[in-house]
Amino acid sequence: MAVDAAIHDALVLTVDDRNRLYERGTVLVDDGQITEVRKSRDSDADITAQHVIDGDGKLVMPGLVNAHTHLELTPLIGAFSDLGLLEMMGSMTALYGRLGEGEFDYLAAAGYELAALNFLVGGVTTVNSMDVRPGAGAETFGEAGLRGFFGQAITDLFWDVPVDEQFARARAFIDEHHDTYDGRIRATVCPHDDWSCTRELWERTADLAAEYPGLLVHTHLLELEESNTMARSNGAEDSLALLDDIGLLDDRLVAAHFRVADDGDVTRIAEAEASVAHCPSVFAYWNPDAEMQWTPVPELRAAGVDVGLGIDDHYWHDSYSMFGEARQARLAANVKRTAGQYSSMELVRMLTIEGARALGVGHEIGSIEPGKHADLIVLDVDKPKFTPLTNVPAHVVNNAAPADVETVFVDGDVVMRDGVPTTVNVSAVQERAEQAVERFSDETGWEIHIGGAELPDAVETLRNIPKRGPSRLVSRLAVQSARDKFPF
C-alpha cells in the first residue's frame, strides 16, 4: 500500500464525536485527505509513503483553529505591552485610521508574513482574520500553505474612510481572493462591530452579504456595554434585534466576543444557529471594566452554539500561542466564576472541531477522521514537562506550547517538518519585520527598542486620530444614553 504520508505508533487525539484517543495509533494521508485512522499494526513501519513519521513519543492531533484575529500590526508585538488602556486605545485608533487611508502598507505586509510564520510553527493551521486591507494577508497565508478566512473591516464611525470606497474595496477583495489556493483561502463579509456602525451601514452590509450567499459574516458583537446603546441609537431594541431586522442573524454569522450577552441573547443566537469566537487573553490583559461579566461560554455551549477560540490582536498581549488561549479561557472563567467551568477535552474541542464548526467547515477539518482534509499537527511529548504522560487533553490545554509542535500538515502537504518550515523563508521574514519596524519608527516617532516603547506625545496622537467618524460615534452614544436615562 502506497500513500502520501503515514504516521504510526503515535498517540492520536482524534477529537471525533467520541473523542477517541489511541495510545498507539496510525494515521494515513493520501491526496490531501485522511484515509485511515486506527490502532497501529506491527507492519505499519513498512508502509510505503513519501512522508513516514515514527510516532513513538509523538502526539498527533488536528491543526488548531484561530477563530478570530487581526494580523496587520503583528510587527508591533511588544510595543503596547506596558501602555495604559486609554493610551493603547488612542494609539490604535490613530494607526487603524492611517491604515484605512492606505499608509503603512510595508508594515502590514511584514505583519502578515510574521503572523503566518508564527502561527504555522505553533500548530495553527486555520485563521479567521478581519483586517483593514486583507489582500496581502490572503496571498501570504495562501503561499505559506495555510488555511484562512479573510475579510475587510467596514465601519462608518471608527474612521473617516468614505463608505463607498470601503464597500468597493470589500467587493473587489471578495472577487479576487475568495476560494483561491485550492479553496484554502476564503473571503468573508466584515462589518467591524455593533458599536461603530450606523444602521445605514448595516443595511448596506446585508446587501453585500446577499450578493455573496456563501460567505460568512464576521463581526465583533456584544463586546462592550456600548453595543446595545448604539443599537438603540440605530432604532432597534438591542444588537441582536438590529441584526435580525436586517437579515444577518443566521447561521452565517461569526460573532467575536459576545461578552455582555444575557440569557436571552444566548437563546437567540442559538436559535439562529450563529457561532461565537471567544478571545479570553485580550480581555484578561485589557479588561475595560472589572465589574463586566465574563463571556457566558458554558451557557452558549449548553445551548448548542459552536464556540471557537481566537487569539484576537496577539500583538496586544504578546502571544501567538493558541494552546495558551485555551489555558487562559479556563483560568479567566474560573477566576470570574468558580472552578470547573470547562473540562480539558471541552477546551481541546474549542481549539479544533468547534472552531472549525464556528467557521462552517467542521465537515472538512477540525478532527482526525477518514474523508476530512489532512490538517494535522505532531507534537513532541517525549519531554520532561510531559512526564508522566497522563491525561493527554489536560497536557494539551494546560502544558503544551508552540515550541512543542514538530510537524504540521495542511491539506496533506507538509508545511513544517521536524521544526523547520518548508513554505516560509524564516530569516527573510524576520529581516523584513525588523526593517518594517525601523521604518515605522522613523516615520511616526514611535521609539521601539529592546527595553520597550515610547509613543509620541498625546498631542501628536490626537492629531492622527480620525475626526469625523469617532466624533459622530461619541455624540450618538451620548445622545442615546441621555434618552435612556431621561425618556422623552
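For clarity, every value in this text was computed on a predicted model and none was experimentally measured. (Residues numbered from 1 in each chain as written. Predicted model: local features only at pLDDT ≥ 70, side-chain atom pairs only at ≥ 80, totals over all residues. Heavy atoms only, no water.)

### Looking at the overall build of the protein chain
- Along its length, the protein chain carries 18 helices and 19 strands.
- The C-alpha radius of gyration of the protein chain comes to 22 Å, within 12% of the 23 Å expected for a compact globule of 488 residues.
- For the protein chain, the C-alpha atoms occupy an extent of roughly 80 × 50 × 45 Å along the three principal directions.
- For the protein chain, the proportion of its 488 residues judged to be buried stands at 61%.
- Split by element, the accessible area of the protein chain, about 18,900 Å² in all, is 48% carbon and sulfur.
- Charged side chains of the protein chain number 40 positive and 81 negative; the gap between the two group centres comes to 3 Å. (Helix = DSSP H or I, 4+ residues; strand = E, 2+ residues; numbered from the N terminus. Rg over C-alpha atoms; globule rule 2.2 N^0.38 Å. Buried < 20%, exposed > 50% of the residue type's maximum accessible area, 1.4 Å probe, protein only. Areas by Shrake-Rupley, 256 points an atom, 1.4 Å probe, with all protein chains shown as cover. Lys, Arg positive; Asp, Glu negative; His and termini not counted. Charge placed at Lys NZ, Arg CZ, Asp CG, Glu CD.)

### Looking at the packing of helix α6 (residues 226-233) against helix α18 (residues 468-485)
- Following both chains from N to C, one finds α6 and α18 inclined at 85°, their axes separated by 9 Å at the closest point. Compared by their axis directions, α6 and α18 come out roughly perpendicular. Contact residues: α6 offers Glu226, Thr229, Met230, Arg232 and Ser233, while α18 offers Leu473, Arg476, Leu477, Gln480, Ser481 and Asp484.
- Residues belonging to the contact of α6 with α18 are distributed by class as follows: three nonpolar, four polar and four charged. (Axes fitted to C-alpha atoms, helices over the stretch in contact; angles between N-to-C directions. Parallel < 35°, antiparallel > 145°, perpendicular 65-115°, else oblique. Contact = heavy atoms within 4.5 Å. Nonpolar A, V, L, I, M, F, W, Y, C, P; charged D, E, K, R; others polar.)

### Quick look at the sheet that holds strand β8 (residues 147-154)
- Reading across from one edge, β6-β7-β8-β9-β10-β11-β12-β13 is the order of the eight strands in this open sheet, with parallel pairing throughout. At either margin of the open sheet sits one strand with a lone partner, and together these are β6 (64-69) and β13 (307-309). The average angle at which neighbouring strand axes cross in this sheet is 25°, direction not considered.
- Pairing analysis gives four bridges linking β6 to strand β7 (residues 124-131), with the strands arranged parallel. Within the sheet, the bridge partner assigned to Val65 lies in β7 and is Thr126.
- On top of the sheet, helix α13 (residues 344-351) reaches β6 and β13; it is set at about 80° to β13, its chief contact. (Pairing = 2+ DSSP bridges.)

### Some remarks on the pattern of salt bridges
- Under the criterion given, the structure shown has 29 salt bridges.
- For Asp418, the salt bridge is made with Arg417, and the minimal N-O distance between the two is 3.8 Å.
- Each of Glu36, Arg38, Arg41 and Asp44 takes part in a single network of salt bridges with overlapping partners. (Salt bridge = Lys/Arg side-chain N within 4 Å of Asp/Glu carboxyl O.)

### Section: α18
- With 18 residues, α18 extends 26 Å from end C-alpha to end C-alpha; this agrees with the ideal 26 Å at 1.5 Å per step.
- If you check which residues of α18 are buried, you get Gly469, Pro470, Leu473, Leu477 and Gln480. Down the axis of α18, the buried side of the element spans an arc of 100°, and every buried residue falls inside it. Across from the buried face of α18, at angles greater than 90 degrees, the exposed residues are Arg468 and Val474.
- Packed against the buried residues of α18 are α6. (Expected span 1.5 Å × (residues − 1). Arc of directions from axis to C-beta.)

### Observations regarding the side chain of Glu354
- By secondary structure assignment, the location of Glu354 is in helix α14 (residues 353-358).
- In terms of polar contacts, Glu354 uses its side chain to reach the side chain of Arg301, at 2.6 Å.
- If we skip the residues at most four places from it in the chain, Glu354 touches Arg301, Asp306, Val307, Gly308 and Arg349. (Polar contact = N/O pair within 3.5 Å; in protein donor to acceptor, adjacent residues only side chain to side chain.)

### Focus: a negative patch on the surface
- Residues Glu139, Glu143, Asp175 and Glu176 make up a contiguous surface patch of negative charge.
- Those elements that place two or more of their residues in the negative patch are α3 (135-143) and α4 (163-177).
- Looking at the element boundaries, Glu143 is found in helix α3. (Patch = residues over 30% accessible without salt bridge, like charges linked within 9 Å, V, L, I, M, F, W, Y side chains within 5 Å.)

### A look at the environment of Val479
- Inspection of the secondary structure puts Val479 in helix α18.
- Taking relative accessible area as the criterion, Val479 reaches 42% and is therefore assigned partly exposed.

### Here's the deal with the packing of helix α5 (residues 199-211) against helix α7 (residues 239-246)
- The contact between α5 and α7 brings their axes to 9 Å, and the two run at 45°. By the angle class used here, α5 and α7 are oblique. Helix-helix and strand crossings are classified by hand; for α5 and α7 the assignment is right-handed. For the pair α5 and α7, contact is made by Arg199, Trp202, Glu203 and Ala206 and by Leu242, Leu243, Asp245 and Ile246, respectively.
- Among the residues forming the contact of α5 with α7, the class breakdown is five nonpolar, no polar and three charged. (Left-handed = near helix turned anticlockwise from the far one by under 90°.)

### Description of helix α8 (residues 263-271)
- Of all the positions in α8, only Asp265, Val266, Ile269 and Ala270 are classed as buried. Summarising the axial view, the buried residues of α8 lie within an arc of 130°, below the 170-degree limit, and thus occupy one face. Residues Asp263 and Glu271 are exposed on α8 and point more than 90 degrees away from its buried face.
- Buried residues in α8 make contact with β10 (216-221), α7, β11 (253-257), β12 (275-278) and α10 (297-302).

### Details of the side chain of Arg259
- With respect to the helices and strands, Arg259 occurs in the loop between β11 and α8.
- Summary of buried charges: Arg259 has no salt-bridge partner, and the nearest side chain of opposite charge, Asp289, is 7.4 Å away.
- A polar contact of 3.2 Å, which involves the side chain of Arg259, links it to the side chain of Asn287.

### A short note on the packing of aromatic side chains
- Throughout the structure, instances matching the rule amount to 11 aromatic pairs.
- Consider the rings of Phe80 and Tyr315, whose centres lie 6.4 Å apart with planes at 45°: the pair is tilted. With Phe80 in the loop between β6 and α1 (85-100) and Tyr315 in helix α11 (residues 314-317), the pair connects residues that are 235 residues apart, well separated along the chain. Across this residue pair, the class does not change: Phe80 and Tyr315 are buried.
- Taken together, a centroid distance of 6.0 Å and an interplanar angle of 75° make the contact between Phe158 and Trp195 edge-to-face. One end of the pair, Phe158, is in the loop between β8 and α4; the other, Trp195, is in the loop between β9 (185-191) and α5, and 37 residues separate them in sequence.
- Note on Phe158: relative accessible area 11%, which makes it buried.
- On the basis of relative accessibility, which here comes to 13%, the residue Trp195 falls in the buried class.
- Pairwise contacts between aromatic rings join Phe80, Phe104, Tyr106, Tyr315, Phe440 and Trp446 into one cluster.
- When the ring centre of Tyr106 is taken as origin, the NZ or CZ atom of Arg439, which lies over that ring, is 3.8 Å away. (Phe/Tyr/Trp six-rings, centres within 6.5 Å; stacked < 30°, edge-to-face > 60°. Lys NZ or Arg CZ within 6 Å of the ring centre and 35° of its normal.)

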